[in-house]
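In case you want the letters, here they are:
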Amino acid sequence: MDRIVEKSLLFDFYGELLTEHQKEVYGEYIQEDLSVSEVAALRGISRQGAHDMIRRCEKILADYEARLHLVEHYLRVRKMVGRIHDYAREISECEDRAVICSRIAQITEITDEILEQY
């Protein structure tokens, strides 16, 4: 997965667990795509201070993911739903009953797997 997307997902899932100051600094870096220097200038802190804060936030967010696995779970379910979507589209365009039955069976397997996780 793209490193920027991964950081953004971690922030989306766990950002509320950061302090307000951490959320603001890291949000400017990730969501507003500001450089470390731009964050430092905006916040009136040193570049090193901004850099340290951003790295600390990345570690905190990665630690939450290592314990809770919410992003991993989200990506796994999203991939399964994508497969279901593809199979449904294929069914809607197909007239071969055997193919339709096969795809429905595959959709059932995927949905069973998703439901077992809850």
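Cut-offs and rules
- Residues numbered from 1 in each chain as written.
- Predicted model: local features only at pLDDT ≥ 70, side-chain atom pairs only at ≥ 80, totals over all residues.
- Heavy atoms only, no water.
- Core = buried A, V, L, I, M, F, W, Y, C linked by side-chain atoms within 4.5 Å.
- Buried < 20%, exposed > 50% of the residue type's maximum accessible area, 1.4 Å probe, protein only.
- Helix = DSSP H or I, 4+ residues; strand = E, 2+ residues; numbered from the N terminus.
- Axes fitted to C-alpha atoms, helices over the stretch in contact; angles between N-to-C directions.
- Parallel < 35°, antiparallel > 145°, perpendicular 65-115°, else oblique.
- Left-handed = near helix turned anticlockwise from the far one by under 90°.
- Contact = heavy atoms within 4.5 Å.
- Nonpolar A, V, L, I, M, F, W, Y, C, P; charged D, E, K, R; others polar.
- Patch = residues over 30% accessible without salt bridge, like charges linked within 9 Å, V, L, I, M, F, W, Y side chains within 5 Å.
- Areas by Shrake-Rupley, 256 points an atom, 1.4 Å probe, with all protein chains shown as cover.
- Salt bridge = Lys/Arg side-chain N within 4 Å of Asp/Glu carboxyl O.
- Disulfide = S-S within 2.5 Å.
- Polar contact = N/O pair within 3.5 Å; in protein donor to acceptor, adjacent residues only side chain to side chain.

A. Quick look at the nonpolar core. Membership of the largest hydrophobic core comes to 19 residues, with the highest contact counts inside it found for Y26, Y29, V39, I54 and L61. Among the elements of the structure, α1 (3-14), α2 (20-30), α3 (36-43) and α4 (47-68) are those that each provide at least two residues to this core. In terms of residue count, the dominant contributor to this core is α4 (five residues). Grouped together as the second largest cluster of nonpolar side chains are seven residues, M80, I107, I110 and I114 included.

B. Representation of the packing of helix α5 (residues 70-92) against helix α6 (residues 97-116) within the structure. Running from N to C, α5 and α6 point in directions that differ by 160°, and their axes come no closer than 10 Å. Relative to α6, the element α5 lies roughly antiparallel. The hand of the α5/α6 crossing is left-handed. When α5 is examined against α6, the residues V77, M80, V81, R83, I84, Y87, A88, E90 and I91 are found in contact with a partner set consisting of V99, I100, R103, I104, Q106, I107, I110, T111, E113 and I114. Among the residues forming the contact of α5 with α6, the class breakdown is 13 nonpolar, two polar and four charged.

C. A nonpolar patch on the surface, seen in detail. Nonpolar side chains collect at one region of the surface, where F13, L68, L70 and Y74 lie side by side and expose about 330 Å² of accessible area between them. Within the fold, L70 resides in helix α5. Of the residues examined, L70 reaches a relative accessible area of 39% and is grouped as partly exposed.

D. Here's a closer look at the pattern of salt bridges. Enumeration according to the criterion identifies 10 salt bridges in this entry. A single network of salt bridges, built from pairs that share partners, joins K7, R55 and E58.

E. Examining the state of the cysteines more closely. Within the structure shown, the criterion is met by zero disulfides. With no disulfide of its own, C94 lies closest to C101 among cysteine sulfurs, the gap being 9.9 Å.

F. Quick peek at the environment of Q22. Residue position: Q22 is located in helix α2. Residues Q22 and M53, 31 residues apart in the sequence, show an inter-C-alpha distance of 7.1 Å. Leave out the neighbours within four places in its chain, and Q22 touches G27, M53, R56, C57 and I60. Of the polar contacts made by the side chain of Q22, one reaches the backbone nitrogen of T19; its length is 2.9 Å.

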